[in-house]
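# Geometric and topological summary
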Amino acid sequence: MINVKRFVCESFDSNTYLLSSSTSKAVWLIDAGCTSGIIDGLNSNQYIECVFITHAHFDHIFQINEIVNRYPECRIYGSVSCLENLSSSKANLSWYRDIPVELQKGETNLIQCGDIVHLSEEISLMALHTPGHTEDSMTFFLENYVFTGDAYIPFLKTITKLKSGNKDKSLESLRKIASLCDSSTIISPGHGNTYLYSDTDLKTYLL
Ligand SMILES: [Zn+2]
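My aim in this report is to walk through the structure given alongside it, one point at a time. (Residues numbered from 1 in each chain as written. Predicted model: local features only at pLDDT ≥ 70, side-chain atom pairs only at ≥ 80, totals over all residues. Heavy atoms only, no water.)

### Here's the deal with the packing of aromatic side chains
- Evaluation of the coordinates by the stated rule reveals eight aromatic pairs.
- Seen from their ring centres, F155 and Y195 are 5.4 Å apart, and the 80° between their planes marks the pair as edge-to-face. Placement of the pair is F155 in the loop between β10 (145-149) and α5 (167-179) and Y195 in strand β12 (residues 195-196), with a sequence separation of 40 residues.
- Put simply, the rings of F12, F58 and F62 touch in pairs and so form one group of aromatic residues.
- The lysine or arginine in question, K90, covers the ring of W95, its NZ or CZ lying 4.3 Å from the ring centre. (Phe/Tyr/Trp six-rings, centres within 6.5 Å; stacked < 30°, edge-to-face > 60°. Helix = DSSP H or I, 4+ residues; strand = E, 2+ residues; numbered from the N terminus. Lys NZ or Arg CZ within 6 Å of the ring centre and 35° of its normal.)

### Here we look at the sheet that holds strand β4 (residues 47-52)
- The strand order across the open sheet formed by six strands is β1-β2-β3-β4-β5-β6, and the pairing between neighbours is mixed. In this open sheet, the two edge strands, each paired with only one partner strand, are β1 (2-9) and β6 (107-110). On average, each strand axis in the sheet is inclined to that of its neighbour by 25°, with strand direction left out of account.
- Inspection of the sheet shows β4 paired to strand β5 (residues 75-78) by three bridges, in the parallel sense. (Pairing = 2+ DSSP bridges. Axes fitted to C-alpha atoms, helices over the stretch in contact; angles between N-to-C directions.)

### Let's talk about the side chain of T139
- Considering the arrangement of structural elements, one finds T139 in strand β9 (residues 138-142).
- Judged by relative accessible area, T139 falls into the buried class, the value being 0%.
- One polar contact links T139 to T130, side chain to side chain, over a distance of 2.9 Å.
- When neighbours within four sequence positions are excluded, T139 is seen to be in contact with M126, A127, L128, T130, V146, F147, T148, A151 and I177. (Buried < 20%, exposed > 50% of the residue type's maximum accessible area, 1.4 Å probe, protein only. Polar contact = N/O pair within 3.5 Å; in protein donor to acceptor, adjacent residues only side chain to side chain. Contact = heavy atoms within 4.5 Å.)

### Re the sheet that holds β12
- With respect to topology, six strands assemble into an open sheet ordered β7-β8-β9-β10-β11-β12, the strand pairing being mixed. In this open sheet, the two edge strands, each paired with only one partner strand, are β7 (116-118) and β12.
- Pairing analysis gives four bridges linking strand β8 (residues 124-129) to β9, with the strands arranged antiparallel. Of the residues in β9, the one forming a bridge with A127 is F140.

As structure tokens, then:
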């Protein structure tokens, strides 16, 4: 069974999720906002094996290099444009905030819609392409958790005005996410609190 802990990056109010299991020394991250606190909190025998990036906006990737410097074997998963944008501070918008972030090294792995990554014998993650907020947005399903990044934030209208945003695609993505949730699903967004699916407005997007 997976344990999920939410860390809030104070400077940008973005969430990074730490995933762990009692049967594994490897741990996994969803996004890489402010990660130094996460790294410092790990036991000496634990290590970050993978990071799954929901989308490459600066507030979700700000400390990606800290992870790779500490754990050089760490694999970074993202969509095609996400992996491209990780290496461009203009594309990931960090340049405009005077905090340029570009991925310096590390093993990047393309993840596509429907891909399944096995984290351990009993834990697997499924990726869903959910464009709209950005073209590179992915949503990740793992047990009864769904990590939506900025593709869906409960009770907030998805921002589609930034580069590669698209309102119609966003609506389609919200429908896709909703269709894969049930009453036990825990919505874990890129900003704000987690919610049970049934307590959110996501169900209103069901066709
Ligand atoms: Zn964003």
